[in-house]
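# Structure assessment
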Amino acid sequence: MWKRWSIVLATGFLLAGCDQKEKTEVTKAEVAATPDISVVYSRLDELLAGGQTNQAVDLLGSLIRARTYEDQSGWLFSSMLNILLAADRVGDAKARFAEVIGKDDPLTRSGLPVLQGYYQARGNVPEYEAWVDSMMKSALPKDLLAQVYSWRFCLLNQKGQWDGVLALVPECLKTFDADTNRRLMGELVAGELGAGKYDNV
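Structure report, in brief.

Attention now moves to the overall build of the chain. Within the chain, the regular secondary structure consists of 11 helices and zero strands. Counted from the first residue to the last, the chain has its helices and strands arranged as α-α-α-α-α-α-α-α-α-α-α. Residues counted as buried form 43% of the 201 residues belonging to the chain. Restricting the contact set of the chain to residue pairs at least 6 apart, pairs at least 24 apart contribute 59%.

Laid out in structure tokens, this is it:
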């Protein structure tokens, strides 16, 4: 069923403008009362196939906080971000993610890889760098923040900016514990050796 929904998500129907608010509201109540994730899949299929992006986002937003779907909140949130990104509503996706950082750990953990995957797939390096830099200044949990620093190291390496890598190391040492720094430095050295950049290490 996920495959079917993913195909629908990728279609141009996402941007059509049909408003069936009354029907969606009724369905929200029905879906929220049914502890079956397949019901959510089916309703999202219907909404996205009909071009009702806003209604799909509203539905997911209402279910994220519903106790019925508490165990699926991370999936619901990442699905919401994916829908927004597929509709080219990047600002909305970033804003919704920013709202949960430091406030909801499961949603933060499910949302970060969605946005990272989006920026990486676009291939726009300056855009990706700007987003990574913004995440480095955010209130992410330390383990996720370490992952963001790892992405930053990779971006600097790809551009051959070893001076930038070295400048970031002291910041890492101040920010993370010994085990995390050991892992980050190990990944950094392994990447350099794997690329044949022996002089850097």
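What follows is about helix 10 (residues 162–175). With 14 residues, helix 10 should cover 20 Å at 1.5 Å per step; its first-to-last C-alpha distance of 20 Å lies within 8% of that length. Those residues of helix 10 that sit buried are W162, V165, L168, V169 and C172.

Moving on, we come to the pattern of salt bridges. For the structure shown, the criterion picks out 11 salt bridges. The salt bridge partner of D105 is R109, with a shortest N-O separation of 2.7 Å. Of this pair, D105 and R109 both sit in helix 7 (residues 105–122), four residues apart, which is roughly one turn of that helix. E127 is the partner of R122 in a salt bridge, and the nearest nitrogen-oxygen pair spans 2.5 Å. The exposure class assigned to R122 is partly exposed, which follows from its relative accessible area of 44%. Using a relative accessible area of 28% as the deciding quantity, one classes E127 as partly exposed.

Let us now look at the packing of aromatic side chains. With the rule as written, the count across this model stands at five aromatic pairs. Aromatic side chains Y119 and W131 sit 5.4 Å apart centroid to centroid with 20° between the ring planes, which places their arrangement in the stacked category. Here the residue Y119 occupies a position in helix 7, and W131 occupies one in helix 8 (residues 125–136), the gap between them amounting to 12 residues. Neither residue differs from the other here; Y119 and W131 are each classed as buried. Members of the aromatic cluster, each reached through a chain of ring pairs, are Y118, Y119, W131 and W151.

Here we take up the environment of Q55. For Q55, the position within the fold is in helix 4 (residues 53–64). Sequence separation between Q55 and L44 is 11 residues; the distance between their C-alpha atoms is 9.0 Å.

Rules used throughout
- Residues numbered from 1 in each chain as written.
- Predicted model: local features only at pLDDT ≥ 70, side-chain atom pairs only at ≥ 80, totals over all residues.
- Heavy atoms only, no water.
- Helix = DSSP H or I, 4+ residues; strand = E, 2+ residues; numbered from the N terminus.
- Buried < 20%, exposed > 50% of the residue type's maximum accessible area, 1.4 Å probe, protein only.
- Contact = heavy atoms within 4.5 Å.
- Expected span 1.5 Å × (residues − 1).
- Salt bridge = Lys/Arg side-chain N within 4 Å of Asp/Glu carboxyl O.
- Phe/Tyr/Trp six-rings, centres within 6.5 Å; stacked < 30°, edge-to-face > 60°.

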